[in-house]
Amino acid sequence: MTHQDLSITAKLINGGVAGLVGVTCVFPADLAKTRLQNQHGKAMYKGMIDCLMKTARAEGFFGMYRGAAVNLTLVTPEKAIKLAANDFFRQLLMEDGMQRNLKMEMLAGCGAGICQVVVTCPMEMLKIQLQDAGRLAAHHQGPPSVPSSSRSYTTGPASTHKRPSAALIAWELLRTQGLAGLYRGLGATLLRDIPFSIIYFPLFANLNNLGFNELAGKASFAHSFASGCVAGSVAAVAVTPLDVLKTRIQTLKKGLGEDMYSGITDCARKLWIQEGPSAFMKGAGCRALVIAPLFGIAQGVYFIGIGERILKCFE
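Residues numbered from 1 in each chain as written. Predicted model: local features only at pLDDT ≥ 70, side-chain atom pairs only at ≥ 80, totals over all residues. Heavy atoms only, no water.

- Where an unreviewed UniProt entry is consulted, the protein chain appears under the name Mitochondrial glutamate carrier 2, with the organism given as Callithrix jacchus.
- Regarding the protein chain, the relevant UniProt record gives this comment under Subcellular location (unreviewed entry): "Mitochondrion inner membrane".
- Recorded in UniProt for the protein chain, the comment headed Sequence similarities (unreviewed entry) runs: "Belongs to the mitochondrial carrier (TC 2.A.29) family." (UniProt positions renumbered as here; feature names shortened; annotations may be inferred.)

**Regarding the packing of helix α8 (residues 221-238) against helix α11 (residues 284-304)**
Right, on to step 1. Interhelical geometry of α8 versus α11 gives an angle of 145° and a closest axis separation of 7 Å. Considering only the axes of α8 and α11, their crossing is right-handed.
Right, on to step 2. Here the contact of α8 with α11 is composed, by residue class, of 14 nonpolar, seven polar and one charged. (Axes fitted to C-alpha atoms, helices over the stretch in contact; angles between N-to-C directions. Helix = DSSP H or I, 4+ residues; strand = E, 2+ residues; numbered from the N terminus. Left-handed = near helix turned anticlockwise from the far one by under 90°. Nonpolar A, V, L, I, M, F, W, Y, C, P; charged D, E, K, R; others polar.)

**Thoughts on the nonpolar core**
Right, on to step 1. Core analysis: the biggest nonpolar cluster contains 18 residues, and F196, Y200, F201, V290, I291, L294 and F295 have the highest contact counts within it.
Right, on to step 2. The set of elements that each furnish at least two residues to this core consists of α1 (3-38), α3 (68-93), α7 (186-210), α8 and α11.
Right, on to step 3. Sort the elements by how many residues they give to this core and α11 lands first, with five residues.
Right, on to step 4. Discounting chain neighbours no more than four positions away, the residues touching F201 are K82, L83, N86, G109 and A112.
Right, on to step 5. Counting ten residues, the second largest nonpolar core, distinct from the first, contains M125, L173, L182 and L252. (Core = buried A, V, L, I, M, F, W, Y, C linked by side-chain atoms within 4.5 Å. Buried < 20%, exposed > 50% of the residue type's maximum accessible area, 1.4 Å probe, protein only. Contact = heavy atoms within 4.5 Å.)

**A look at the pattern of salt bridges**
Right, on to step 1. Inspection of the entire model under this criterion finds 18 salt bridges.
Right, on to step 2. The partner of D243 in a salt bridge is K33, with the nearest N and O atoms 2.8 Å apart. Placement of D243 in helix α9 (residues 240-250) and of K33 in helix α1 is noted, with a sequence separation of 210 residues between them.
Right, on to step 3. Note on D243: relative accessible area 0%, which makes it buried.
Right, on to step 4. The residue R66 makes a salt bridge to E59 at a minimum N-O spacing of 3.1 Å.
Right, on to step 5. Looking at R66, the relative accessible area reads 12%, which means it is buried.
Right, on to step 6. A residue is classified by how much of its surface remains accessible, and E59, at 15% relative accessible area, is buried.
Right, on to step 7. It is possible to trace a salt-bridge network through shared partners that takes in D30, K33, E124, K127, R192, D193, D243, K246 and R287. (Salt bridge = Lys/Arg side-chain N within 4 Å of Asp/Glu carboxyl O.)

**Brief notes about the confidence of the model for the protein chain**
Keep in mind that low pLDDT regions are not for reading the predicted coordinates in detail.
Right, on to step 1. Residues at a pLDDT of 70 or more form 89% of the protein chain, whose mean pLDDT is 84.
Right, on to step 2. Predicted confidence in the protein chain is weakest over strand β2 (residues 218-219), with a mean pLDDT of 80, and strongest over α9, with 96.
Right, on to step 3. A low-confidence stretch, residues 143-161 stays under pLDDT 50, and its non-local contacts, those more than four residues away or across chains, total 23 contacts. (pLDDT = per-residue confidence, 0-100.)

**Examining the packing of aromatic side chains**
Right, on to step 1. Under the defined criterion, the tally for this structure stands at eleven aromatic pairs.
Right, on to step 2. Considering the side-chain rings of F196 and Y200, the 5.8 Å spacing of their centres and the 10° angle between planes classify their relative orientation as stacked. Within this pair, F196 and its partner Y200 are both found in helix α7, separated by four residues, close to a single helical turn.
Right, on to step 3. Note on F196: relative accessible area 4%, which makes it buried. (Phe/Tyr/Trp six-rings, centres within 6.5 Å; stacked < 30°, edge-to-face > 60°.)

**Observations regarding the packing of α3 against α7**
Right, on to step 1. Look at α3 against α7: their axes get within 13 Å of each other, and the N-to-C directions meet at 70°. Our classification of the angle between α3 and α7 gives roughly perpendicular. Seen from above, α3 lies across α7 with right-handed handedness. Along the contact surface, α3 presents K82, L83, N86 and R90, while α7 presents F196, S197, F201 and A205.
Right, on to step 2. Among the residues forming the contact of α3 with α7, the class breakdown is four nonpolar, two polar and two charged. (Parallel < 35°, antiparallel > 145°, perpendicular 65-115°, else oblique.)

**Considerations on the environment of I8**
Right, on to step 1. By the secondary structure assignment, I8 is in helix α1.
Right, on to step 2. In this structure the C-alpha to C-alpha distance between I8 and F88, which are 80 residues apart in sequence, comes to 9.7 Å.

**Looking at a nonpolar patch on the surface**
Right, on to step 1. A contiguous nonpolar patch, built from W171, L174 and L179 and spanning about 340 Å² of accessible area, is present on the exposed surface.
Right, on to step 2. A relative accessible area of 37% means that L174 is categorised as partly exposed. (Patch = residues over 30% accessible without salt bridge, like charges linked within 9 Å, V, L, I, M, F, W, Y side chains within 5 Å. Areas by Shrake-Rupley, 256 points an atom, 1.4 Å probe, with all protein chains shown as cover.)

This is the structure we're talking about:
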């Protein structure tokens, strides 16, 4: 195994470990974000805490982790692709490695954003259906005899109370709509992830550089963790409007009186007219709370070099 192969394998292990630890820590806040972004008109949830309390009461503790299995399965390849792609593009675009060039850093981030969508789009698509199922169940309990939404991924009204599973939804989507069904909202996902990466990666690299320690040859763990958190929350809040559009477009089952959208512009127009400009920032606080530790943990794992340590054991 060459040094190059070793470093790639280590990066993939780091990305995977970071993803698994991160998702386990912040998934409930992500569930709250999806439900807050999806509620129209009369609000069922006042905010993140209210949403989580009601979810725990109605669906139990693990109700807050509805859809986490999809994320835990796919977050490893997703994070691995994103971090490895960013490193690859940085090396490709910045010859002398250390010389900072903001334009090239943004381009590398953009490349990473495009690469990860292959996994991100279907992962989020399935996760959103599972996360929103509890909100819809509560929504449907309102008026007693409400027929299930016509465009649904289960068959007939009897199955509306059955908990959907990721495999079932994926199969149903592939059967009825082919791959396009799983990649619904691809445009919105790209529109969210590319700007996110363009903001996050250069911002992190520059913040992290502020704490560079000559002796150690890198910034301290605490500094890297903090840089990841700050860069993550700034980027997350900045792209929240695009995330709201993506969530709405990817939600297949709608509650009563909730709109279907034909695309990004249609969704943005309806959101602006019906719910006003503030709707575009729904779940921004949750997003910052989800993304900051997620990226802080990722950078921390990278800097501790867990992947390198694991590989050493196998040598």
